[in-house]
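Now for the letters of each chain:
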Amino acid sequence: MTTINAKAYAAQSPTSSLAATTIRRRVPTETDVQIEILFCGVCHSDLHFARNEWGFTQYPAVPGHEIVGRVTAIGGGVKKFKLGDTVGVGCLVDSCRTCPDCRAGLEQFCSDMTMTYGSTDKHLNAPTLGGYAQSIVVTEDFVLRMPANLDLAAAAPLLCAGITTYSPLRHWKVGSGQKVGIVGLGGLGHMGVKFARAFGAHVVLFTTSPGKVADGKRLGAHEVIVSTDAAQMAAQANTFDFILDAVSATHDINAYLNLLKRDGNLTLVGAPEKPLSVAAFPLIFRRRSFSGSLIGGLPETQEMLDFCGKHNITCDIEMIRMDEINTAYERMLKSDVKYRFVIDMASLKS
Ligand code: NAP
Ligand code: ZN
Ligand code: ZN
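What you see is a predicted model, and the numbers here were worked out from it, not measured in a lab.

(A) Broad picture of the packing of helix α4 (residues 161-171) against helix α5 (residues 187-198). Contact pair α4 / α5: the axes reach a minimum separation of 8 Å and the direction vectors enclose 45°. The orientation of α4 with respect to α5, classified from their angle, is oblique. As for the relative orientation of α4 and α5, their crossing is right-handed in sense. Listed contacts from α5 to A161, G162, T164, T165, Y166 and L169 of α4 are G187, L188, M191, G192, F195 and A196. Classifying every residue of the contact of α4 with α5 by side-chain character gives 7 nonpolar, 5 polar and no charged.

Structural data, given as structure tokens:
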């Protein structure tokens with residue numbers, strides 16, 4: 001298969017910093033869209049992946065799955081996009097298209113889905129490489145339309161942080177009359193707060209960072225609880241309909257299960273490296289449930305983007321240059337990100 005070279009940033013091992021490299025992208029086939037990447041968000045999953053914290057990373061590893069850019073070439077059979085369109089690519093670049101999950105528009109659960117990074121590229125028979133790069137080529141069915149009214153850089157993190165919080169809040173029918181908790185004010189958490197508020201819920205943010213209380217309220221939380229304060233936590237017991245946990249590290253999940261009402265649900269989207277320990281009593285008392293959620297399928301991702309366009313919802317971002325990525329990772333590990341780093345990909349060219 002013919003390929004073209006693209007500049008990118010890659011990790012060469014679990015312990016090496018990310019550095020400049022050159023990768024191969026396929027020349028667009030009949031149904032492909034070639035995208036010049038303008039901005040790419042920095043998800044905590046990128047860090048887990050670059051450092052092989054989940055155990056399946058192949059090197060060189062190019063992270064990045066909050067991709068926005070401009071269409072620079074299309075295959076002859078492409079129907080939905082034309083040259084110059086502004087488009088997005090999230091965590092998925094392909095799936096089998098025929099299984100029950102794919103037919104239901106839940107491609108994220110397809111056992112043959114291709115992730116933007118961390119999968120095998122069916123065309124090149126090599127690991128897929130993500131969005132810390134100049135360009136990407138994706139089959140048109142996995143390319144999203146970006147709402148024209150949104151700032152493109154601030155919309156980039158919608159492609160993962162946005163859909164990962166939107167989807168479980170919709171699935172569990174979060175809305176007015178409900179008390180909803182969001183745990184962790186990082187990239188995912190800050191979008192969880194914005195969506196839960198937009199859906200009409202009473203929103204309570206839980207943070208370990210006292211310095212984020214004012215921001216939590218500005219972003220839409222009605223109440224902000226500093227989770228290290230036992231008295232503040234105790235006062236919230238048995239009052240929540242739903243809690244979304246977006247914490248990137250191991251923490252005490254039982255403390256949050258205890259805050260649910262009868263039949264309340266806690267959904268985990270955070271993906272810590274090590275297992276969480278779940279005690280029986282917080283679950284069996286009050287018939288509470290504990291579940292998980294993975295990004296969202298293509299139809300729901302487009303629905304989320306359109307919802308954000310309609311309601312003018314974007315992410316609070318800090319723009320960085322590509323060569324600042326290693327510092328950004330260190331700051332993310334210290335919970336010092338307000339509230340998503342986005343790489344200006346023009347900095348990769350210079
Ligand atoms: P992030 O921006 O780094 O935010 C994580 C937040 O968690 C921090 O800002 C901090 O918030 C809190 N936190 C960090 N360490 C903590 C600790 N030891 N104890 C308690 N709280 C802690 O990360 P992100 O990009 O939002 O991603 C969050 C997690 O979701 C990651 O594990 C990521 O891999 C995962 N993820 C999952 C999916 C999915 O489909 N399920 C999709 C994307 C990402 P406070 O300062 O407010 O406490
Ligand atoms: Zn992500
Ligand atoms: Zn499938």
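Still to come is the rest of the account.
(B) Looking closely at the side chain of S227. Locating S227 in the fold gives a position in the loop between β14 (223-226) and α7 (230-234). Take S227: its relative accessible area is 17%, and that puts it in the buried class. Leaving out residues up to four positions away in the same chain, S227 has contacts with T207, T208, M233 and Y256.

(C) Here's a closer look at the coordination of the zinc ion (ligand 2). In this structure, C43 (SG), H65 (NE2) and C160 (SG) serve as the protein donors to the zinc ion (ligand 2), at separations of 2.0 to 2.2 Å. For the zinc ion (ligand 2), all donor residues lie on one chain, and their spacing in sequence is C-x21-H-x94-C. Here H65 is found in the loop between α1 (44-50) and β4 (67-74), whereas its partner C160 is found in the loop between α3 (152-155) and α4, with 95 residues between them in sequence. The exposure class assigned to H65 is buried, which follows from its relative accessible area of 8%. With relative accessibility at 4%, the residue C160 sits in the buried group.

(D) Spotlight on the coordination of the zinc ion (ligand 3). Only C96 (SG), C99 (SG), C102 (SG) and C110 (SG) from the protein coordinate the zinc ion (ligand 3), and they sit 2.3 to 2.4 Å from it. If you look at the zinc ion (ligand 3), its 4 donor atoms make angles of 103 to 116° with each other, and the shape they trace is tetrahedral. Read N to C, the donor residues that coordinate the zinc ion (ligand 3) are spaced as C-x2-C-x2-C-x7-C. According to the relative accessible area criterion, C99 is buried, its value standing at 16%.

(E) Focus on the site of ligand 1. What surrounds ligand 1 is a group of 30 residues, the closest being H44, T207, T208, S209 and R340. Within the side chain of R340, an N or O atom sits 2.6 Å from an oxygen atom of ligand 1. When isolated, ligand 1 has an accessible area of 920 Å², and the protein chains bury 90% of it. For the shell around ligand 1, the elements supplying multiple residues, two or more each, are α1 and α5. A per-element tally of the shell around ligand 1 places α1 first, with 3 residues. Tallied by class, residues from the shell around ligand 1 come to 14 nonpolar, 14 polar and 2 charged. When residues of the shell around ligand 1 are sorted by domain, at least three fall in each of domain 1 (3-160 + 296-349) and domain 2 (162-292).

(F) Spatial organisation of the sheet that holds β14. Strand order in this open sheet of 6 strands is β14-β13-β12-β15-β16-β17, and the pairing throughout is parallel. The strands lining the two open edges of the sheet, one partner per strand, are β14 and β17 (289-292). Across the sheet, the mean angle separating the axes of adjacent strands is 20° when strand polarity is ignored. α5 rests against β12 (179-183) and β13 (202-207) of the sheet, and its axis sits at about 165° to β12.

(G) Summary view of the domain arrangement of the protein. Segmentation of the protein into domains returns domain 1 (3-160 + 296-349) and domain 2 (162-292). Computed over C-alpha atoms only, the centres of domain 1 and domain 2 are separated by 27 Å. Taken residue by residue, the interface counts 23 residues in domain 1 and 24 residues in domain 2. Summed over both partners, the interface of domain 1 with domain 2 buries about 2,000 Å², with 57% contributed by carbon and sulfur atoms. Scanning the region where domain 1 abuts domain 2 turns up 2 salt bridges. Of the charged contacts, one joins D316 and K194 as a salt bridge, the two residues approaching to 2.6 Å between their closest N and O atoms. At the junction of domain 1 with domain 2, the criterion picks out 16 residue pairs in polar contact (both at pLDDT 80 or more). Mapped by element, the contributors of at least two residues to the side of domain 1 that touches domain 2 are α1 and α10 (298-311). The element best represented in the side of domain 1 that touches domain 2 is α10, accounting for 6 residues. Considered class by class, the residues forming the side of domain 1 that touches domain 2 number 11 nonpolar, 6 polar and 6 charged.

Scoring rules and cut-offs
- Residues numbered from 1 in each chain as written.
- Chains lettered and ligands numbered in written order.
- Predicted model: local features only at pLDDT ≥ 70, side-chain atom pairs only at ≥ 80, totals over all residues.
- Heavy atoms only, no water.
- Axes fitted to C-alpha atoms, helices over the stretch in contact; angles between N-to-C directions.
- Helix = DSSP H or I, 4+ residues; strand = E, 2+ residues; numbered from the N terminus.
- Parallel < 35°, antiparallel > 145°, perpendicular 65-115°, else oblique.
- Left-handed = near helix turned anticlockwise from the far one by under 90°.
- Contact = heavy atoms within 4.5 Å.
- Nonpolar A, V, L, I, M, F, W, Y, C, P; charged D, E, K, R; others polar.
- Buried < 20%, exposed > 50% of the residue type's maximum accessible area, 1.4 Å probe, protein only.
- Donors = N, O, S within 2.8 Å, 3.2 Å for Na, K, Ca; no water.
- Tetrahedral: all angles 85-135°; square planar, octahedral: opposite > 155°, others 65-115°.
- Near = heavy atom within 4 Å.
- Polar contact = N/O pair within 3.5 Å; in protein donor to acceptor, adjacent residues only side chain to side chain.
- Areas by Shrake-Rupley, 256 points an atom, 1.4 Å probe, with all protein chains shown as cover.
- Domains from an automatic or database assignment.
- Pairing = 2+ DSSP bridges.
- Buried area = accessible area lost by both parts, 1.4 Å probe.
- Salt bridge = Lys/Arg side-chain N within 4 Å of Asp/Glu carboxyl O.

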